[in-house]
Amino acid sequence: MGKGKKIKLIVLLTVVVLAAWAASKVNSVVKEKVEDYLSSSLPETVKLKYSNLDLDLWKGAATLEGIELENFNETSKEPLLKLRLDSLSVNDIGYWAYLFNDNIDIGNIQLVRPQLTYFKLQNPDSVKEVQEEPKVFNYRVNLGRLDISKAGIEIVNTETDSILLHVSDLDFGLDKVFVDETVLRQKIPVDYEGYQMAFDSLFYTIGPFENMAVGPSKLSQQDMAFENVRIFSKYSKYELSKHIPVERDFADVVFESVTLKDYKIGVGDSGRVSFSSPKMEILNPQVDFFRDKLVADDPKIKPLYNEMLRDLSFDLTIDSLQIKNASVAYSERVKQDNHGGKITFSNLNADIANVSNTYEAPIKTEIEVEANFMEHAPLKVHWNFDVNDPDGTFIFQAELDRLKVHDVNKFSEPNLRIKFEGEIEQLYFTIWGNTNVSQVDMRAKYEDFQIIALKKDGSTPNKLLSGLLNTLVAKDSDRLPDHFREGHKEGIERNKTKSVFNYVWINAKDGLLKTMVNHKRKHKT
């Protein structure tokens, strides 16, 4: 090797060594300043611990490990928030964009196993609020990807020390994030191109009487898919009655899955949230409701469904809602000496169009249902209403076939002390109604219908009362030319403190009375 080449090599090596030394020195100085900031410049209400800070200026990367952060109430010293995570990494920091364009460019940020606990104070006034002038944000933040893996989230009620929300094994990703001063003024102060989220389980306290649990679930920018969704009462059926001042349903509702396709969430200029999806599907719901009628009635007005949709605090647009293979049971107890009777609907499938408060007239919400009533009798229902109609006008049509009326005894014996015998071969009825009043038309084809009244013991027939009731009711419809008896009743007033289904029930009951009770028929001349 020539002398000139040796000199050049020595100079090059010297430059590299000096550059490496300078970089190491700068890296060490910057790391020391960051550590000093983290230890001395945070608010007094924030405590931060960590096990290690790794900084590499050449690569534009920083990693903080073994993080423990706590935020306290300045006055009471009660904890407001606790955060623990294995590591926080920031990679591919763009220095040139920051130095020359006031841009903060970051390739990705990764949070590994963050465990967040938020303490919800029952007296939020105890938290001192400091009013500050809004600060000017003169930067543009570009983040390629935010990744959060294996996170846990918990919200705790500080008064009862109970869990309000718990999410486990949450993975969350946000793509192409952008923030500037304009974006910060939005209702959602961040722009992004897409996100993905999945979690293993979720628990949420809905209120003082019900909880919700959700199994493994996935969400993306396009679709939502939830598994093993359950909404259930905190207390058992009879224990609930000890905790409620007025009637309330015991509920145990399980959905095998709930999916929504191509959904969109938006926020309007007024701040009103909107949610839409062309298709929502609920698979294999198992629904069990029980009501203890021995508890005092709830005097509050119960709105019809069109009013409930219209008065939602957000804009909802579900073009199609499908319910597949549902099982529904409703039971109620009206007497102290038994556990009540039960009504069931099995193999229930429903197609519901236009579940929305955004459609304009003449578009209506249309509901089509097919099910087996009391396990054996096929039932079809068509129901429609206009969400924009302030009068709540609706049409409810039903067709019931091959009902062995003794199946109804599961409900009528314990609740009404009445048994039925016979078969309703076909039953049709149509209800036209609104929020105040309704009318019903009914046609029934049946045979060998009998009523057996029971004594107070609930099992012994009351022969005198049974005989009197059966003289009032036509035994069958075969004597009529078309084998159908017909009934019509107008002016059926709604009890607005009762549910929508009570309204349907009193119409069906009055229709049956008009149809089956003996009365003189007007003959055409």
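Residue positions are given per chain, counted from 1 along the sequence in the order it is written. In keeping with the model being predicted, local features are shown solely for residues with a pLDDT of at least 70 and side-chain atom pairs are shown and tallied solely at 80 or more, while totals for entire chains, interfaces and linings include all residues. Side-chain metrics rest on all non-hydrogen atoms present in the structure, leaving aside hydrogens and water.

Some remarks on the overall build of the protein chain
What counts, and what does not: Helix and strand assignments follow DSSP, with helices taken as H or I runs no shorter than four residues and strands as E runs no shorter than two, numbered in order from the N terminus. Exposed residues in this analysis have more than 50% of their type's maximum accessible area, buried residues have under 20%, and partly exposed residues fall in between, with area computed by a 1.4 Å probe over protein chains only. In this analysis, two residues are considered to be in contact whenever any of their non-hydrogen atoms come within 4.5 Å of each other. Note that accessible areas follow from Shrake-Rupley with a 1.4 Å probe, and for residues the cover is restricted to the protein chains shown.
A tally of helices and strands in the protein chain yields eight helices and 26 strands. Counting all 525 residues of the protein chain, 35% fall into the buried class. Pairs at least 24 residues apart make up 61% of the contacts formed inside the protein chain by residues separated by at least 6 positions. Element-wise, carbon and sulfur atoms account for 56% of the exposed surface of the protein chain, whose accessible area totals about 31400 Å².

Brief notes about the pattern of salt bridges
Worth spelling out the cut-off: Take a side-chain nitrogen of Lys or Arg and a carboxyl oxygen of Asp or Glu: if they are within 4 Å of each other, that pair is a salt bridge.
Applying the stated criterion to the full structure yields 20 salt bridges. A salt bridge links Arg272 to Asp315; the nearest nitrogen and oxygen atoms lie 2.7 Å apart. In this pair, Arg272 is assigned in the loop between strand 15 (264-267) and strand 16 (273-277) and Asp315 in strand 19 (residues 315-333), connecting sequence segments 43 residues apart. Assessed through its relative accessible area of 31%, Arg272 is described here as partly exposed. With a relative accessible area of 26%, Asp315 lands in the partly exposed category. A salt bridge links Arg333 to Asp292; the nearest nitrogen and oxygen atoms lie 2.9 Å apart.

Quick word on the pairing of strand 2 (residues 52-56)
Here is the rule we go by: DSSP calls a pair of strands paired once it identifies at least 2 bridges connecting them.
Only one face of strand 2 is covered, namely the one carrying Leu53 and Leu55; the face carrying Asn52, Asp54 and Asp56 has none of its residues buried. Where strand 2 and strand 3 (residues 61-72) come together, five bridges link them in antiparallel fashion. Opposite Asn52, over in strand 3, you have Glu65 as the bridge partner. Between strand 2 and strand 3, which follow one another and run antiparallel, lie four residues, and Gly60 among them has a positive phi close to 65°.

Quick word on a nonpolar patch on the surface
The test is simple: For patch detection, residues must exceed 30% relative accessible area and be free of salt bridges, and they are connected within 9 Å for like charges or within 5 Å for nonpolar side chains (Val, Leu, Ile, Met, Phe, Trp, Tyr).
Together, Ile188, Ile265, Val267 and Val273 give the surface a local cluster of nonpolar side chains, amounting to about 310 Å² of exposed area. With respect to the helices and strands, Ile188 occurs in the loop between helix 3 (181-184) and strand 9 (194-199).

Comments concerning the packing of aromatic side chains
Filter applied, for reference: Centre distance within 6.5 Å is the pairing criterion for rings of Phe, Tyr and Trp, where only the six-membered ring of Trp is used; planes under 30 degrees apart are then read as stacked, over 60 as edge-to-face, and the remainder as tilted.
Counting across every chain of the model gives 14 aromatic pairs. Look at Trp383 and Phe385: their rings are 6.4 Å apart centre to centre, the planes differ by 70°, and that puts the pair in the edge-to-face class. Both residues of the pair, Trp383 and Phe385, count as buried. Ring geometry for Trp383 and Phe396: centres 5.2 Å apart, planes at 70°, overall edge-to-face. Here Trp383, found in strand 22 (residues 377-385), pairs with Phe396, found in strand 23 (residues 394-404); they are 13 residues apart in sequence, far enough to count as distant. Residue classification places Trp383 among the buried positions, given a relative accessible area of 9%.

Points about the pairing of strand 3
Examined bridge by bridge, strand 1 (residues 46-49) and strand 3 share four bridges and lie antiparallel to one another. Note that in strand 3 the partner of Lys49 across the bridge is Glu68. In terms of strand pairing, strand 3 meets strand 4 (residues 79-94) through ten bridges, oriented antiparallel. In the sheet register, Glu65 faces strand 4, and the bridge partner there is Ser87. Between strand 3 and strand 4, which pair antiparallel and follow one another directly, the connecting turn spans six residues, one of which, Lys77, has a positive phi of 65°.

Examining a positive patch on the surface
As a reminder, the rule being used: In this count, Lys and Arg are taken as positive residues and Asp and Glu as negative ones, while His and the chain termini are left out. All charge positions are set by atom: Lys at NZ, Arg at CZ, Asp at CG, Glu at CD.
Residues Lys47, Lys49, Lys77 and Arg84 make up a contiguous surface patch of positive charge. Residue position: Lys49 is located in strand 1.

Considering the environment of Val90
Checked against the element boundaries, Val90 lands in strand 4. On a C-alpha basis, the gap between Val90 and Asn108 in space is 6.1 Å, while along the polypeptide they are 18 residues apart. When sequence neighbours within four positions are dropped, the list of residues in contact with Val90 reads Gly60, Ala61, Ala62, Ile106, Asn108 and Ile109.

Some details on the side chain of Ser87
Within the secondary structure, Ser87 sits in strand 4. Classification of Ser87 by relative accessible area gives buried; the value is 13%.

Focus on the environment of Ala377
As for its placement among the helices and strands, Ala377 is situated in strand 22. Classification of Ala377 as buried rests on a relative accessible area of 1%. In this structure, the C-alpha to C-alpha distance between Ala377 and Arg402, residues 25 residues apart in sequence, is 5.4 Å. Leave out the neighbours within four places in its chain, and Ala377 touches Ala371, Asn372, Leu400, Asp401, Arg402 and Leu403.

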